[in-house]
Amino acid sequence: MNTSNLLLTEEQFAVQQAVRDFAQRELWAGVIERDEQAYFPDELVRKMSEMGLMGMMVSPEYGGGGMDTISYVLAVEELSKVDASAGVMVSVNNSLVCYGLEHFGTPSQKERYLSRLATGEILGAFALSEPEAGSDATSQQTFAEDKGDHYVLNGTKNWITNGGRADVFLVFAQTHPALKHKGINCLIVEKQWKGFEVGKKENKLGIRGSDTHAIHFNDVIVPKENRIGNDGFGFKLAMNTLNGGRIGIAAQALGIAGGAYELALNYAQERKTFGKAIAEHQAIQFKLADMATQIEAARLLCYRAALDKDLHQDYVKSAAMAKLFASTVAMNTTVEAVQIHGGYGFVREFHVERMMRDAKITQIYEGTSEIQKMVIAREILKK
Ligand code: CAA
């Protein structure tokens with residue numbers, strides 16, 4: 001057992017091993033083609049669902065795994081070591097969709113949606129970002145007009161992960177503009193409803209297997225029973241949900257960094273220059289030492305945030321710190337992994353250039369690094 005596993009229980013260790021095996025067996029072959037062709041086969045989504053990865057933390061009462069957040073972190077990390085697109089698909093369904101429904105949904109909403117989302121029978125998406133509302137998430141232009149027993153939803157959402165394949169969307173929309181963020185609602189919207197339109201598929205730098213779309217709502221009628229929480233609770237729900245989501249993205253970043261580090265470490269011991277393995281040159285040793293140290297520190301921050309959540313302690317700051325740090329480590333590590341590989345690192349077959357492209361998004365989505373610093377500073381200065 002290496003030092004990374006010192007904190008793990010037997011159950012957590014078993015989850016780590018099972019997902020590591022799965023990722024090697026099912027995700028490794030084909031990851032380059034999936035990246036090139038920007039697709040992810042339904043068959044693999046089905047296999048991840050069968051592994052119980054779609055609702056890991058959901059109560060067994062609703063078909064979930066009833067696991068803790070550390071197990072979830074380990075699973076997302078192991079998936080992302082091999083294929084970061086698989087990592088984000090699982091992270092969004094667990095943290096951003098199932099969590100919100102389980103913690104704030106009505107019994108009827110849980111019965112209708114959560115059980116099927118947790119088993120992976122259907123897939124979920126989280127629709128907060130808009131063309132003019134990314135970091136400034138309170139500036140929602142999507143409008144949900146209150147018509148008594150239903151809302152009429154109009155607007156556009158951007159960069160929605162799982163957008164093209166999800167069945168159910170948690171959609172954030174303004175209902176009472178005068179109340180600013182306190183007028184925002186979260187509505188459960190089904191893709192087959194009239195006026196729901198899947199828009200442009202984004203042609204992305206990284207996580208190209210992950211399906212990212214714009215979504216348009218044209219007079220979509222949403223029954224009021226599909227609003228989560230009281231009138232105007234939507235923004236609070238988004239923020240609470242994103243705190244946990246950020247732990248998932250930190251785990252994804254940790255996985256990307258770990259995957260690139262392992263490849264660089266192996267390569268450095270095989271590749272020879274000037275008559276010896278490049279791992280014997282101090283220039284490479286220093287890079288490997290920095291990578292290993294940063295990854296270990298990122299891992300401990302991720303576990304810390306997950307543990308805070310599992311112990312029902314405030315995890316706003318620790319989640320933001322984990323995401324901020326792990327995403328920086330993912331970027332630094334993958335750049336250095338490419339450098340260690342030299343010319344080979346610049347071509348597809350050696351994987352590390354893909355990991356470098358994948359790493360970038362972890363500094364952007366679910367709150368940019370700058371937003372994480374805002375969140376951390378506010379928590380530190382809070383009276
Ligand atoms: N946890 C809980 N509550 C929070 C919170 C947090 N992290 N951050 C803010 N809030 C609460 C505040 O306490 C405040 O509540 P009150 O009304 O009771 O006072 C309310 O939310 C409004 O907050 P602020 O006054 O601080 O609002 P602001 O506009 O100054 O700042 C922000 C808000 C923190 C910048 C927020 O807009 C934010 O987090 N932006 C980033 C959005 C983001 O992460 N988007 C990711 C998109 S989803 C995605 O990427 C998914 C994917 O597909 C992978």
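In this text the structure is predicted, and so the values were computed from the model without any measurement.

**What to know about the site of the ligand**
Here is step 1: Residues in close proximity to the ligand total 24 residues, the closest being Ser135, Thr161, His181, Lys236 and Arg378.
Here is step 2: In the model, an oxygen atom of the ligand is placed 2.6 Å from a nitrogen or oxygen of the histidine 181 side chain.
Here is step 3: In this structure, arginine 246 approaches the ligand through a side-chain N or O atom, which is 2.8 Å from an oxygen atom.
Here is step 4: Bound to the protein, the ligand loses 77% of the 1100 Å² it would expose on its own.

**Some points on the domain arrangement of the chain**
Here is step 1: Split into domains, the chain comes out as domain 1 (3-119), domain 2 (124-234) and domain 3 (236-380).
Here is step 2: Between the C-alpha centres of domain 1 and domain 2 the distance comes to 23 Å.
Here is step 3: Each partner contributes residues to the interface: domain 1 has 25 residues there, and domain 2 has 22 residues.
Here is step 4: Buried area between domain 1 and domain 2, summed over both chains or domains, comes out near 1900 Å², and the portion from carbon and sulfur atoms is 58%.
Here is step 5: Here domain 1 is connected to domain 2 by two salt bridges.
Here is step 6: A salt bridge links arginine 112 to glutamate 225; the shortest N-O distance between them is 4.0 Å.

**Considering helix α10 (residues 352-361)**
Here is step 1: Counting buried residues in α10 gives seven out of 10 residues, a clear majority hidden from the surface.
Here is step 2: When α10 is considered as a whole, its buried residues turn out to be Val352, Glu353, Arg354, Met355, Arg357, Asp358 and Ala359.
Here is step 3: The inward-facing, buried residues of α10 abut α2 (31-37), α4 (69-82), α5 (84-104), α7 (234-270) and α9 (316-341).

**A word on the pairing of strand β1 (residues 124-127)**
Here is step 1: Of the two faces of β1, the one lined by Gly124 and Phe126 and the one lined by Ala125 and Ala127 are each fully buried.
Here is step 2: Taken together, the four bridges between β1 and strand β4 (residues 168-174) define a ladder with parallel strand orientation. Note that in β4 the partner of alanine 125 across the bridge is phenylalanine 169.

**So, the nonpolar core**
Here is step 1: Leu27, Met48, Leu153, Phe172, Val189 and Ile340 are the most contacted members of the largest nonpolar core, which has 112 residues in total.
Here is step 2: Counting residues per element, this core draws most heavily on α7, which supplies 17 residues.
Here is step 3: Sequence-distant contacts of methionine 48, defined by excluding residues within four places in its chain, comprise Phe22, Phe40, Leu53, Met54, Leu79, Ala86, Met89 and Val90.
Here is step 4: In terms of nonpolar packing, the next biggest core, distinct from the first, is built from six residues, Val316, Ala320, Leu324 and Val375 among them.

**Focus on the pattern of salt bridges**
Here is step 1: Evaluation of the coordinates by the stated rule reveals 26 salt bridges.
Here is step 2: Residues glutamate 130 and lysine 157 are paired through a salt bridge, measuring 2.8 Å at the closest nitrogen-oxygen approach. Note that glutamate 130 is positioned in the loop between β1 and β2 (143-146) and lysine 157 in strand β3 (residues 150-161), a separation of 27 residues in sequence.
Here is step 3: When its relative accessible area of 0% is taken as the criterion, lysine 157 is described as buried.
Here is step 4: Measuring nitrogen to oxygen at the nearest pair gives 2.7 Å for the salt bridge that ties lysine 224 to aspartate 146. With lysine 224 in the loop between β7 (212-223) and α7 and aspartate 146 in strand β2, this residue pair connects regions lying 78 residues apart in the sequence.
Here is step 5: Assessed through its relative accessible area of 24%, lysine 224 is described here as partly exposed.

**Details of the packing of helix α1 (residues 10-27) against α4**
Here is step 1: Closest axis-to-axis distance for the α1/α4 pair is 9 Å, and the angle between their directions is 20°. By the angle between their axes, α1 is roughly parallel relative to α4. Like other packed secondary-structure pairs, α1 and α4 cross with a definite hand, here right-handed. Contacts between α1 and α4 involve Gln12, Val15, Gln16, Val19, Arg20, Phe22, Ala23, Gln24 and Leu27 on the former and, on the latter, Ile70, Ser71, Leu74, Ala75, Glu78, Leu79, Lys81 and Val82.
Here is step 2: Here the contact of α1 with α4 is built from residues that sort into 10 nonpolar, four polar and three charged.

**What to know about the packing of aromatic side chains**
Here is step 1: Considering all chains together, one arrives at eight aromatic pairs under this definition.
Here is step 2: Taken together, Tyr99, Phe104 and Phe233 form an aromatic cluster joined through their ring pairs.

**Topic: the packing of α1 against helix α3 (residues 42-50)**
Here is step 1: At a minimum axis distance of 12 Å, the contact between α1 and α3 shows a crossing angle of 160°. One way to sum up the angle between α1 and α3 is to call them roughly antiparallel. Viewed along their axes, α1 and α3 form a crossing whose handedness is right-handed. Along its contact with α1, which presents Phe22, Glu26 and Leu27, the element α3 presents Leu44, Lys47 and Met48.
Here is step 2: When its residues are assigned to classes, the contact of α1 with α3 shows four nonpolar, no polar and two charged.

**Observations regarding the side chain of glutamine 12**
Here is step 1: Here glutamine 12 shows up in helix α1.
Here is step 2: Glutamine 12 sits in the buried class, given a relative accessible area of 5%.
Here is step 3: From its side chain, glutamine 12 meets the backbone nitrogen of threonine 9 in a polar contact 2.9 Å long.
Here is step 4: Once you skip the residues sitting within four places of it in the chain, glutamine 12 turns out to touch Leu7, Asp68, Ile70, Ser71 and Leu74.

**A few points about the environment of threonine 69**
Here is step 1: Residue placement: threonine 69 occurs in helix α4.
Here is step 2: In this structure threonine 69 comes out as buried when scored by relative accessible area, which is 3%.
Here is step 3: Threonine 69 sits 26 residues away from serine 95 along the chain, and the two C-alpha atoms are 9.8 Å apart.
Here is step 4: The residues touching threonine 69, leaving out its near neighbours within four places in the chain, are Met57, Ile247, Ala306, Lys309 and Asp310.

Analysis parameters
Residues numbered from 1 in each chain as written. Predicted model: local features only at pLDDT ≥ 70, side-chain atom pairs only at ≥ 80, totals over all residues. Heavy atoms only, no water. Near = heavy atom within 4 Å. Polar contact = N/O pair within 3.5 Å; in protein donor to acceptor, adjacent residues only side chain to side chain. Areas by Shrake-Rupley, 256 points an atom, 1.4 Å probe, with all protein chains shown as cover. Domains from an automatic or database assignment. Contact = heavy atoms within 4.5 Å. Buried area = accessible area lost by both parts, 1.4 Å probe. Salt bridge = Lys/Arg side-chain N within 4 Å of Asp/Glu carboxyl O. Buried < 20%, exposed > 50% of the residue type's maximum accessible area, 1.4 Å probe, protein only. Helix = DSSP H or I, 4+ residues; strand = E, 2+ residues; numbered from the N terminus. Pairing = 2+ DSSP bridges. Core = buried A, V, L, I, M, F, W, Y, C linked by side-chain atoms within 4.5 Å. Axes fitted to C-alpha atoms, helices over the stretch in contact; angles between N-to-C directions. Parallel < 35°, antiparallel > 145°, perpendicular 65-115°, else oblique. Left-handed = near helix turned anticlockwise from the far one by under 90°. Nonpolar A, V, L, I, M, F, W, Y, C, P; charged D, E, K, R; others polar. Phe/Tyr/Trp six-rings, centres within 6.5 Å; stacked < 30°, edge-to-face > 60°.

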